[in-house]
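# Examination of the molecular architecture
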Amino acid sequence: MNGASVISIPPKEVGSVWFDFDTHDVKPGVYCGRMRVIPLNVGSAYKVLDRRYVNGRPSEKSVPVEFTVDPIVLPRESVRPAHFCSPCPSEQGFALEADLGTRIYALGTYLFRPEAVGNPTSEFHRTVADYRRWARARGVDVTFFVKYDAYNASQNILNPAKDPAKRWEAWERYVRLVAQLMEEAGVPFSDYYVLVRDEPKHEEIPLVREAQERMKALFPKMQTYISACERIMGDEKTWDLGYLDELGPTTDLWAPTSRMLGNDRTLARLRELKATKGAKLLHYLCNTSMRESLTGYYRRHCWRGEFWQTDADMLYQFNQYCYGVRGDLCFKVAPLGEVAYKANGQFHPSVRYMAYREGMTDIKYLQALRLKRGTEPSVAKFLAEAPASAVRGEGSS
């Protein structure tokens, strides 16, 4: 529905409308109201009501609406933070993401340019300042992912001729540039991660390893992360885990796909890295089919994080129009995994957004139950079994 509260429905078709009530600080009870449905393609007729003329539409319908606010107070903060991959270009979009528990936001790798150094009006400084201002207004803390593909950005910005002899010089200059700009913006090493190569292939492991080693040699506290899908393995059939040994010493955060975490050997090895090295663990989904199950894919996403006890939930993506591709309007195109539409400079939640938030709310209920009655044997048993029963046997979704 757009800003004028208009929804277009073709002849002989059906349109869906849903309500989103924010019940924060609302007293428990039953609340009643009504929704007026006013067709815009029919004439109007004036009639006298209480000695005055009113514009009446014979086909207008008044639909009663009633909802109940239960005496249960859930925390505003989600159990684990979320990341939706795409940048956030407006405060309104930031608010929508924040309501889904997003606390990790993207900084594009091409924001880090030499001309941004010492320039408070640069796109980099304006972007970071916006994020932090919006976060302060909502009382939340944010972390940054420098993405996508910092290595490629380093070559395109600082080695445009793609001279092989200068590639590592360009990379180290770029790493220094990231450190300098983040320091200027007041962002400590602990509050950001750098993605060297997005979803690297197995044959790219030596490049990623050397890039991360050079980064750590320059700035030991600068943090790296790996987004990993099945192609990082040398042999997917045998679930070759050699990449974890090669990249483990220099990787601070792992973001493997949910399918990879579903492999017991992979999960055990990542938990070992988490325990011994302190590496953080996300789980990641990047299917872009508009036919993905609202329950199996979107709502269960937070249940997977609860089941695997990850440090954050990561889903591709909030909205690809954050990048400015294909214009500003996306109501009339098939979504590529987006949970929000965009039109007229505003973002609008989709049914995928609502399904994801239902899953996030599910986990909040589990946490509330754990804090209130978690020591009771029957409740403890339920809390232990519920995530597994929600996730196991669900297939690829």
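Residues numbered from 1 in each chain as written. Predicted model: local features only at pLDDT ≥ 70, side-chain atom pairs only at ≥ 80, totals over all residues. Heavy atoms only, no water.

### Quick notes on the pairing of strand β9 (residues 223-228)
Threshold: A 1.4 Å probe rolled over the protein chains alone gives each residue an accessible area, and that area as a share of the maximum for its type sets the label: buried under 20%, exposed over 50%, partly exposed in between. A helix here means a DSSP run of H or I that spans at least four residues, while a strand means a run of E at least two residues long, and both kinds are numbered starting from the N terminus. Paired strands, in this sense, are two strands between which DSSP finds at least two bridges.
The element β9 is largely enclosed, with a buried count of six among its six residues. Burial of the side chains of β9 extends over both faces: Gln223, Tyr225 and Ser227 are buried on one face and Thr224, Ile226 and Ala228 on the other. Alignment of strand β8 (residues 192-195) against β9, held across three bridges, turns out to be parallel. Residue pairing in the sheet places Val194 in a bridge with Thr224 of β9.

### Notes on the sheet that holds β9
The criterion, for reference: The contact criterion used throughout is that any non-hydrogen atoms of two residues lie within 4.5 Å. Axis lines are fitted to C-alpha atoms, over the contacting stretch for helices. Their N-to-C directions set the angle, which ranges from 0 to 180 degrees.
A sheet is described by the order of its strands in space; here eight strands give the open sequence β5-β12-β11-β10-β9-β8-β7-β6, paired in parallel fashion. For this open sheet the edge positions go to β5 (82-83) and β6 (104-108), each flanked by a neighbour on one side alone. Across two bridges, the pairing between strand β10 (residues 253-256) and strand β11 (residues 280-285) is parallel. The partner of Trp254 across the bridge, within β11, is Leu281. Where helix α4 (residues 167-184) meets the sheet, its contacts fall on β6, β7 (143-147) and β8, and the angle it forms with β8 comes to roughly 160°. Helix-sheet contacts for helix α5 (residues 205-218) involve β8 and β9, and the interaxial angle to β9 is about 165°.

### Some details on the nonpolar core
This is how the line gets drawn: Among buried residues, those of type Ala, Val, Leu, Ile, Met, Phe, Trp, Tyr and Cys that are joined through side-chain atoms within 4.5 Å constitute a nonpolar core.
If you look at the biggest cluster of nonpolar residues, it comprises 61 residues, and the most contacted ones within it are Phe112, Phe124, Phe144, Trp171, Tyr174, Met182 and Trp254. Excluding anything up to four places from it in sequence, Met182 contacts Leu107, Phe112, Phe124, Phe144, Val146, Val187 and Tyr192. Ranked by size, the runner-up nonpolar core spans 26 residues in total, among them Val339, Ala340, Met354 and Ile363.

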